[in-house]
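Observations on chain architecture
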Amino acid sequence: MKVTLSALDTHESSFTPLVVIELAQDVKEETKEWLKNRIIGRKKDGVRRLLTSGIVIQVFPLHDNEALKKLEDTWYTRFTLKYQPIDSIRGYFGETIALYFGFLEYFTFALIPVAVLGLPYYLFVWENYDKYVVFASFNLIWSTVILEVWKRGCASMTYRWGTLVMKRQFEEPRPGYHGVLGINSVTGREEPLYPSYKRQLRIYLVSLPFVCLCLYSSLFVMMIYFDMEAWALDLHENSRSEWTSILLYVPSIIYAIVIEIMNRLYRYAAEFLTSWENHRLESAYQNHLILKVLVFNFLNCFASLFYIAFVLRDMKLLRQSLATLLITSQIFNQIVESLLPYWLQKKQHVKVKKKVQALKADIDATLYEQVVLEKEMGTYLGTFDDYLELFLQFGYVSLFSCVYPLAAAFAVLNNLTEVNSDALKMCRVFKRPFSEPSASIGVWQLAFETMSVISVVTNCALIGMSPQVNALFPESKADLILIVAAVEHALLALKFILAFAISDKPRHIQMKLARLEFESLEALKQQQMQRVAENLKEDWREGGKEAAP
C-alpha cells in the first residue's frame, strides 16, 4: 500500500495536522511548492483556484478526538431530557451549526404546549370543527410569538458569541465560478469574468422551464396518488375486511416515500442547475438554490393536502393523509439521514482498520487511520437540509392544525430523537466542517414567518368550510365568506401587531449595543481630534521655519 499523505512521512511525533488537503494524483511538484508558498503567505485565493481547476480535490479540518469525546459525553451519548451544550457546540463547530441546534431545541420545547393542548381536542371533540376555533386561534398566535421570542434568544446567544454585529465582508468568487480571465473593476485583481446576460439566459431559458416541468411532474404524481386512494377505497367498500382497512393507508405511505425520493432527486438537479448558472458569489448561489428547492418542496409536500381540503373537501381523507405524510417522512428522514450513513461509516471504519494493520510503513498509524477514515466521510453541505426539514414539519403542524391536532405531538417525539441523531451525524458521520460565523438563522426566519401567515388563511378557510359553521348561515353563503375573511384579516392584524410589539432584541442587549456604538463614535472623534492636532503642529512648525531668517 502506497502512502500518499506526505505529512505522515515525518518522524516528528509532535506533528498534529489541523487541516487535510487532498490533491489529485497527477499533481506536479512545482504545483505543490506553489500551493505551499501560497499557504505560508496566507493568500486566500490559492486553494480556491486549485479547487476550481480540480487540482485540489478537497480541504477539510480533522476532528480533535479529545475535544470531540468531551462534547459527545455532554451532548448525545446518554439519552436524557436535558438542554444541549450550545456553547460547547459553538466552540467546536462554529456559530452557524450551534444556531441550528439551538433553534431545533427551542422549536421542540415550543411545540410542547400545542401538543399538550391538541391531545384533548383529538380525544374529545374530533368531529366538532366549531370547537377547533379556539385551538386554531391559539396555534396562530403561538406561531407568531415563538418566532419573535426566538429572535430575542438568538440575539442573546450571538451577542454572547460576538457575532450579533458583524461587518459585511467583501465576498470572493466561489469555488467553481469560471469565465474568461480579466481585471475586476472593483478590486483591480485578476479573476474569471462571466457576462451577466449569459447567466440570465441560463436561468430563464433552462432553469425556469426545468423547475416548471418538475412542478408539473409533482402534480402528475399527486393525481396518480388520488387514483390509488380511490382504488383502495373501492376495494374496502366492496369487501369490508381488516386487510382492506389496512390497505387504505398504503397509498398515503407510498406517496409519502415517493415525495421524499422526489425531493432528494430534485435537490441534486437544483444543485447542478444552480452551479451551471455560474454565480460569482456564494450568497447568490445559495439564494437561487434555496428559492428553487423551497418552491418545489412546498408544492410537492403540501399540494395534495390543499387539493383534498379545498377541492375534494374530504376532511377524513385530509386527516389520514396529513398523519401518514408526517409520520412516514419523519421515519424515512431518520433512517436516510442518520442511521444508514452511520452504519455505512462503521463498515468503512472496519475496512480502514484492516488496511492500517496490513500497512508496513514508518508512520504514525493512528494519525494515518484518522486521516484516511475522515477523508472517506461524507461532506457536510451546511444546515440547509436540516432547516428545510424543520420548515416542512412546521408546515404540517401549522397549516392544518384544526384538522389534525396530534401533528405537534408527533413532531415533538420526532425532534427528541432528531437532536441526538443530528448530533451523531455531525460527530461520527460527516467530516468536521469549517467554522462559519453567523448572526441569525438568516432567510429561514422569513420562511417560517411566511408559513405562519399562510397558516392563518388555510385554518380560517377550513373552519369556514366545516358543516357546523355552515349551519349557522343556511341561506346566505356570502355572509359566511365575509365573516371568515374578516376573522382572517383580524388574525393577520393581530400577528403583525404582536410581531411589532415584541422587540427583536432584549432591552439589555439594545443598551449594550447602543453603548458600544457610543464608545466607537467617541473613539473615532478622539482619533480625528488627534489627527487635527498633529496637522496643526506640523503646520505651525513649517510656518515657523518659513518665518525664520
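Quick caveat, the model's predicted, so the values are computed rather than measured.

1. Looking at the UniProt feature "transmembrane region" (unreviewed entry) in the protein chain
According to UniProt, the "transmembrane region" (unreviewed entry) feature falls on residues 97-126, 132-150, 203-226, 246-266, 289-310, 390-413 and 480-502. The annotated region residues 289-310 carries 100% helix and 0% strand content, and the separation between its end C-alpha atoms amounts to 30 Å.

2. Brief notes about the nonpolar core
Trp75, Ile89, Phe93, Leu318, Phe391, Phe400 and Trp444 are the most contacted members of the largest nonpolar core, which has 103 residues in total. If you tally residues by element for this core, the top one is helix H5 (residues 95-124), at 13 residues. In this structure, Leu318 is in contact with Leu305, Ile308, Ala309, Phe400, Val403 and Leu462, ignoring residues within four places of it in sequence. One finds Val20, Phe60, Leu62 and Leu367 within the second-largest nonpolar core, a separate group that totals 5 residues.

3. Details of helix H7 (residues 196-239)
The first and last C-alpha atoms of H7 sit 63 Å apart over 44 residues, in line with the 64 Å expected at 1.5 Å per residue. In the structure, H7 departs most strongly from a straight axis at Ile203, where the bend amounts to approximately 30°. The positive-phi residue at the C-terminal boundary of H7 is Arg240, with phi of around 55°.

4. Here's the deal with a nonpolar patch on the surface
On the surface, a cluster of nonpolar side chains totalling about 860 Å² of accessible area is made up of Tyr197, Leu201, Tyr204, Leu205, Val206, Leu208, Phe272 and Trp276. At the level of elements, H7 and helix H9 (250-276) are the ones that each hand at least two residues to the nonpolar patch. The element that contributes the greatest number of residues to the nonpolar patch is H7, accounting for 6 residues. Structurally, Leu208 is set in helix H7. On the basis of relative accessible area, Leu208 is assigned to the partly exposed category, the value being 43%.

Conventions adopted
Residues numbered from 1 in each chain as written. Predicted model: local features only at pLDDT ≥ 70, side-chain atom pairs only at ≥ 80, totals over all residues. Heavy atoms only, no water. UniProt positions renumbered as here; feature names shortened; annotations may be inferred. Helix = DSSP H or I, 4+ residues; strand = E, 2+ residues; numbered from the N terminus. Core = buried A, V, L, I, M, F, W, Y, C linked by side-chain atoms within 4.5 Å. Buried < 20%, exposed > 50% of the residue type's maximum accessible area, 1.4 Å probe, protein only. Contact = heavy atoms within 4.5 Å. Expected span 1.5 Å × (residues − 1). Bend = angle between axes of the 7 residues up to and from the residue. Patch = residues over 30% accessible without salt bridge, like charges linked within 9 Å, V, L, I, M, F, W, Y side chains within 5 Å. Areas by Shrake-Rupley, 256 points an atom, 1.4 Å probe, with all protein chains shown as cover. Salt bridge = Lys/Arg side-chain N within 4 Å of Asp/Glu carboxyl O.

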